[in-house]
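Coordinates in review
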Amino acid sequence: LADLAPSAAAAVAAASSAATAASASDDRENVSASSFVPTPDLLRHCEPPASNGGRVLKIAVLLSGGVDSSVALTLLKAAGHDVTAFYLQIWFQEDFRNYWDQCPWEDDLRVARGVCDALDVPLRVVPLTDAYWDLVVSKSIDEIAKGRTPNPDIWCNSRVKFGAFRDHLAKAHPAEFDRVASGHYAATDRNSGDDGIVRLVLSGDLHKDQTYFLAHLSQQQLKHLCFPVGGLPKEALRGVARDAGLPNADRKDSQGICFLGKVKFSEFVAEHLGEIEGAIVELETGKRLGTHKGFWFHTIGQRSGLRLSGGPWYVAAKDVEGNVVYATREYYAVEKKRDAFEVGEFSWVSGAPPPRDENGWALGIKPEEEKEGPSSGEERDAPSAAIHPPMAITGKTNRAGETSAAATAAAKASNLFVKVRHGENRYGCTLRFSEDGESGSVVIERDDQGLAAGQFAVFYEGETCLGCGVIAAKKPDAALIARDAQHRTVIEGGVRRVAEDRKRAAESAA
């Protein structure tokens, strides 16, 4: 990270020293936001005019009411830019049998107004409820109905915050803003090459890093974005908020799926998809263990909610067509290795997929010290792509159908990494594209017991986020379907169609 421009590592160090200095202050409550003067290092991710040819940017800042976006706004204003805050109203008010009145959007907006008052920044409210429903919520319901595990927060970023909002700016404020900024923990690198590509890179705080949620952005979207927080550790960030006199410096972070608020996931799913009972079957024996209310309430690796005795029981597989949930007590057994998956629906925030060799293996760039070329001081050719060593694998699986030792070794040695969920954990991996490049096979360096169809796999070349793909569902096991035919209940027309038919019938009866 130390080589990034701007430097995320340096920003973290600067933030730590800023937090230390802040802790020595005895009268923070009396500090006004207008008197806050950050150190230059805190502005590294803000494109300050002093290091940007004197250019003052006009920036639309997404303000949620949380401390992260508030600090982003504070830093951009302190850097000397012309900033306007925008609050995106995406909470529901009149839906889901009035449960949505528990969503805290009104409180969020009140806090956002307080922050803008403290900073003397204009605030505009943009209603995007319809776009949010169409592009995120409805899509999530469709995915759940297909037995997949969606990630609505990723779609919220690419389709709403930096999609529908960008469309709003183009119509309401054409050519007015140079950047859109948010409080995400991420960094952009605009200076590492002459190709005009903006790179999305890991923030300095890997625990809080949010590049996973931004991987579905397009390169065109990323070029117009700014993430002022970079990798500030949370406590350092709160220290900045206190120094700036922000009213939400100690406000708790929001948790959970973005559109649910205080609504339980099971209640939301039941409202929109209903309940259709099906069998819970022991994976190993075919014995019926109990009854569930619909496969869409369960995800692979889930332990709670099965209501079975003699456990612990885990969801091991789902027969979506037959509405069967398979359970096992041996989820972590050696014979149930989970270190490979298929992926498709690629989206490359880097602007293009990574190059691949004639056999479809994804290629990477050799580290600087390994590149061959002229000696120091002489002009060097563009870095040549080199296959991730040792990618020459003879067969992905062994005779038993398990991932071969050679494939696992290649994943461990690779400079290609993948995250299968938000968090600091990522795996060395190999990626082999299909002939048309529309899908691929991934092997990771060790087991992950939570691989679920529909979740996003986000790929990294070292510290740079390349983009993402969607984990594909495994093909139905024909042997299980034949063995457990008596337990299957085929849902004609699909889950969502049945739910919509029931809803219309209920409305007609009322």
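A short tour of the structure in this document, coming up. Worth saying up front: this structure is predicted, and the values here are computed from it rather than measured.

Conventions adopted
- Residues numbered from 1 in each chain as written.
- Predicted model: local features only at pLDDT ≥ 70, side-chain atom pairs only at ≥ 80, totals over all residues.
- Heavy atoms only, no water.
- Pairing = 2+ DSSP bridges.
- Helix = DSSP H or I, 4+ residues; strand = E, 2+ residues; numbered from the N terminus.
- Contact = heavy atoms within 4.5 Å.
- Axes fitted to C-alpha atoms, helices over the stretch in contact; angles between N-to-C directions.
- Buried < 20%, exposed > 50% of the residue type's maximum accessible area, 1.4 Å probe, protein only.
- Expected span 1.5 Å × (residues − 1).
- Phe/Tyr/Trp six-rings, centres within 6.5 Å; stacked < 30°, edge-to-face > 60°.
- Lys NZ or Arg CZ within 6 Å of the ring centre and 35° of its normal.
- Right-handed = clockwise from strand over helix to strand, strands pointing away.
- Bend = angle between axes of the 7 residues up to and from the residue.

Here we come to the sheet that holds strand 1 (residues 58–62). Reading across from one edge, 3-2-1-4-7 is the order of the five strands in this open sheet, with parallel pairing throughout. Single-partner strands in this sheet number two, and they are strand 3 (123–127) and strand 7 (225–226). In this structure, strand 1 lies alongside strand 2 (residues 82–89), joined through five bridges in parallel fashion. Across the sheet, L62 pairs through a bridge with F86, a residue of strand 2. This element, helix 5 (residues 152–172), spans strand 1, strand 2, strand 3, strand 4 (179–181) and strand 7 of the sheet and lies at about 135° to strand 1.

Further remarks concern the sheet that holds strand 9 (residues 288–292). One open sheet accounts for four strands, arranged 9-8-11-10; its pairing is mixed. Because the sheet does not close on itself, it has two edges, and the strands there are strand 9 and strand 10 (314–319). Between one strand axis and the next, the sheet turns through 30° on average, direction left out of account. Note that strand 10 and strand 11 (residues 324–328) share five bridges and pair antiparallel.

Right, let's talk about the pairing of strand 16 (residues 427–433) for a bit. The element strand 16 is largely enclosed, with a buried count of six among its seven residues. As paired elements, strand 15 (residues 416–419) and strand 16 share two bridges and run antiparallel to each other. Among the inter-strand pairings, V418 is bridged to a residue of strand 16, identified as Y427. As judged from the five bridges shared by strand 16 and strand 17 (residues 439–444), these two strands associate in the antiparallel manner. What sits directly across from R432, in strand 17, is S441.

With that out of the way, let us pick up helix 2 (residues 67–78). Over its twelve residues, helix 2 runs 16 Å from end to end, which matches the ideal 16 Å to within 8%, given 1.5 Å per residue. The element helix 2 is extensively covered by neighbouring structure, given that ten of its twelve residues are classed as buried. Within the span of helix 2, buried status applies to V67, D68, S69, S70, V71, A72, L73, T74, L75 and L76. Those residues of helix 2 that are buried lie in contact with strand 1, strand 2, helix 3 (105–119), strand 4, strand 7 and helix 8 (234–243).

Attention shifts here to the packing of aromatic side chains. Using the criterion set out here, one finds eleven aromatic pairs in the structure. Where F86 meets F177, the ring centres are 5.7 Å apart and the plane angle is 80°; that geometry is what we call edge-to-face. You can see F86 sitting in strand 2 and its partner F177 sitting in the loop between helix 5 and strand 4, a full 91 residues away along the chain. Residue F177 is classed as buried on the basis of its relative accessible area of 15%. Residue placement shows K58 over the ring face of F177; its charged tip is 5.7 Å from the ring centre. Sitting over the face of the ring of Y331, R338 holds its NZ or CZ atom 3.9 Å from the ring centroid.

This part covers the pairing of strand 1. Taking burial as the measure, the five residues of strand 1 include four buried ones, the bulk of the element. What joins strand 1 to strand 2 is helix 2, and the crossover it makes is right-handed. Summarising the sheet, strand 1 and strand 4 pair through three bridges and their orientation is parallel. Residue pairing across strands places A60 opposite V180, the latter belonging to strand 4.

In this section: helix 4 (residues 129–145). Taking 1.5 Å of rise per residue, the 17 residues of helix 4 would be expected to cover 24 Å, and the 22 Å separating its terminal C-alpha atoms lies within 8% of that figure. At V137, helix 4 shows its maximal bend, which comes to roughly 30°. Taken residue by residue, helix 4 has A131, Y132, V136, V137, S138, S140, I141, E143, I144 and A145 as its buried positions. G147, located one to two residues past helix 4, shows a positive phi value of around 85°.

On their own, these measurements won't tell you what the molecule is for.
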